[in-house]
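If you want the building blocks of each chain, they are given just below.
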Amino acid sequence: MATATDTNLPQTPASLPRCIKELAESAYLTSVPSSYAYSTTPITEPVLRDSIPVIDFSLLMSENHDQRSKAIYDLGKACQDWGFFMVVNHGVPESMMKAIIDACDGFFNLSADEKREFAGKHVLDPIRCGTSFNASVEKVYFWRDFLKVLVHPDFNFPYKPPGFSELASEYCARIRTVTRGLLGGISKSLGLEECFIEKAVNLDSSLQIFVANLYPPCPQPELAMGMPPHSDHGLLTLLAENEIGGLQIQHNGRWVHANSIPNSFLVNTGDHLEILSNGRYRSNVHRAVVNNKARRISLAIANGPSLDTMVSPAPELIDGENQQPLYRPMKYRDYIELQQSNQLDGKSCLDRVRRG
């Protein structure tokens, strides 16, 4: 049976992990260090390849009533049954999607000293580069390096590599357009006005976070984890990736491979869509697994309410008798700080605002 080992790799000061890229590229690495062993026994859960719902964005935006109605129905069903779907024909050029992934790769290829400049400390620092999820509180680290940047309502970004910032600005603006269209369709699918979610969460001042992830090859992928099972804060997260898969979603109690089709976004519903819909559309639990052959890069754009929005179930979805509010109101800023300052564990943060 494969086991994790303590290696002779040099340790970092302050006992925090080095970046996983540097560790993975070390000539000394032949097994997973014990500090990265998510499981002491190999992870052997069965993984399915179910058909994930596909939403055609062009039909959702269509002026043809029948086509749009069908797309809205399909979108609502995907949110209700899966909390996850793929979006095609979204209008973001494939060349731009490839360019932004390549630019993320370029950032991770910067030297450790160059990246250290963007380290950040607080979960809401405008630019934060690091490893694992929250290494300061974790007992087991995750096989992942990241770059997190707050890009809306104020745009922040690293100034290197050259051209990265300009490309990211245009890309994120296009993602906001797609997100606005999806949220309009989701509002309609809930029986609400199309602009309901947009107004309820102050979308013009919404928080948008650019999250680039690097998952290098791992010598024992069955023992390590890129990211543990968790749900996302916010409304919708749109994810693009290089041609290496690794995202798995939970569906009907089983893990499903989320293999994207070319030029599509993988979209999962977040905790605040669950709160706003009073549990009709539940946030999706997902995880990132690693492999021993290829370097995986993913780019998740998280789209949420404005930081000062107090998020609670929509009054229109509560009738006072049969349907009570299932979640307590909480300011979005407070929710993020609560989730991002602790260990990532399923939907534990959402459970804290769930009414007993």
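Check the entry above for the structure.
Described in the following lines is the structure provided in the data block. (Residues numbered from 1 in each chain as written. Predicted model: local features only at pLDDT ≥ 70, side-chain atom pairs only at ≥ 80, totals over all residues. Heavy atoms only, no water.)

Helix-helix packing: each pair is described by the crossing angle between the helix axes and the interaxial distance. Following both chains from N to C, one finds helix 4 (residues 94-108) and helix 6 (residues 164-189) inclined at 135 degrees, their axes separated by 10 Å at the closest point. As far as their axial angle goes, helix 6 and helix 4 are oblique. Where helix 4 crosses over helix 6, the handedness of that crossing is left-handed. Here helix 4 contributes Met96, Met97, Ala99, Ile100, Ala103, Cys104 and Phe107 to the contact with helix 6, which in turn contributes Phe164, Leu167, Ala168, Glu170, Tyr171 and Arg174. (Axes fitted to C-alpha atoms, helices over the stretch in contact; angles between N-to-C directions. Helix = DSSP H or I, 4+ residues; strand = E, 2+ residues; numbered from the N terminus. Parallel < 35°, antiparallel > 145°, perpendicular 65-115°, else oblique. Left-handed = near helix turned anticlockwise from the far one by under 90°. Contact = heavy atoms within 4.5 Å.)

To continue, consider the packing of aromatic side chains. For the structure on display, the rule yields 12 aromatic pairs. Aromatic side chains Tyr38 and Phe142 sit 5.9 Å apart centroid to centroid with 50 degrees between the ring planes, which places their arrangement in the tilted category. With Tyr38 in the loop between helix 1 (20-24) and strand 1 (47-48) and Phe142 in the loop between strand 4 (127-131) and strand 5 (145-152), this pair connects stretches of sequence that are 104 residues apart. Its relative accessible area of 35% is what places Tyr38 among the partly exposed residues. Look at Phe142 and you get buried, because its relative accessible area is 6%. Taken together, a centroid distance of 5.7 Å and an interplanar angle of 5 degrees make the contact between Phe155 and Phe157 stacked. For Phe157, a relative accessible area of 12% puts it in the buried group. Here a set of aromatic residues connected by ring pairs shows up, and it is made of Phe107, Phe108, Phe118, Phe155, Phe157, Tyr159, Phe164 and Phe210. The ring of Phe146 has Lys148 lying over it, and the distance from NZ or CZ to the ring centre is 5.2 Å. (Phe/Tyr/Trp six-rings, centres within 6.5 Å; stacked < 30°, edge-to-face > 60°. Buried < 20%, exposed > 50% of the residue type's maximum accessible area, 1.4 Å probe, protein only. Lys NZ or Arg CZ within 6 Å of the ring centre and 35° of its normal.)

Another aspect to go through is the nonpolar core. In this structure, Tyr171, Ile186, Phe210 and Phe265 are the most contacted members of the largest nonpolar core, which totals 59 residues. Element by element, the count of residues in this core is highest for helix 6, at 9 residues. Look past the residues within four positions of Tyr171 in its chain and what remains in contact with it is Val92, Met96, Met97, Ile100, Ala240, Phe265, Leu299 and Ile301. Ranked by size, the runner-up nonpolar core spans 28 residues in total, among them Trp82, Leu150, Val211 and Val311. (Core = buried A, V, L, I, M, F, W, Y, C linked by side-chain atoms within 4.5 Å.)

A cis amide bond, omega 10 degrees, links His152 with the succeeding residue Pro153. Cis geometry marks the peptide bond from Lys160 to Pro161; its omega dihedral reads 0 degrees. The backbone phi angle of Asn252 is positive, close to 55 degrees, even though this residue is not glycine. Residue placement: Asn252 occurs in the loop between strand 9 (247-251) and strand 10 (254-257).

The next thing to look at is the sheet that holds strand 1. Reading across the sheet, the 5 strands line up as 1-10-9-12-7 and stay open at both edges, with mixed pairing between neighbours. With partners counted over all chains shown, the strands left at the sheet margins are strand 1 and strand 7 (227-230), one partner each. By the bridge criterion, 4 bridges tie strand 9 to strand 10 in an arrangement that is antiparallel. Considered in strand 10, the bridge of His251 is made with Arg254. (Pairing = 2+ DSSP bridges.)

Counted according to the given criterion, the structure contains 18 salt bridges. When the shortest N-O distance is used, the salt bridge between Arg68 and Glu194 registers 2.7 Å. Of this pair, Arg68 sits in helix 3 (residues 65-81) while Glu194 sits in the loop between helix 6 and helix 7 (196-200); the two residues are 126 residues apart in sequence, bridging distant segments of the chain. Look at Arg68 and you get buried, because its relative accessible area is 18%. Judged by relative accessible area, Glu194 falls into the partly exposed class, the value being 38%. A salt bridge links Asp113 to Arg116; the shortest N-O distance between them is 2.4 Å. (Salt bridge = Lys/Arg side-chain N within 4 Å of Asp/Glu carboxyl O.)

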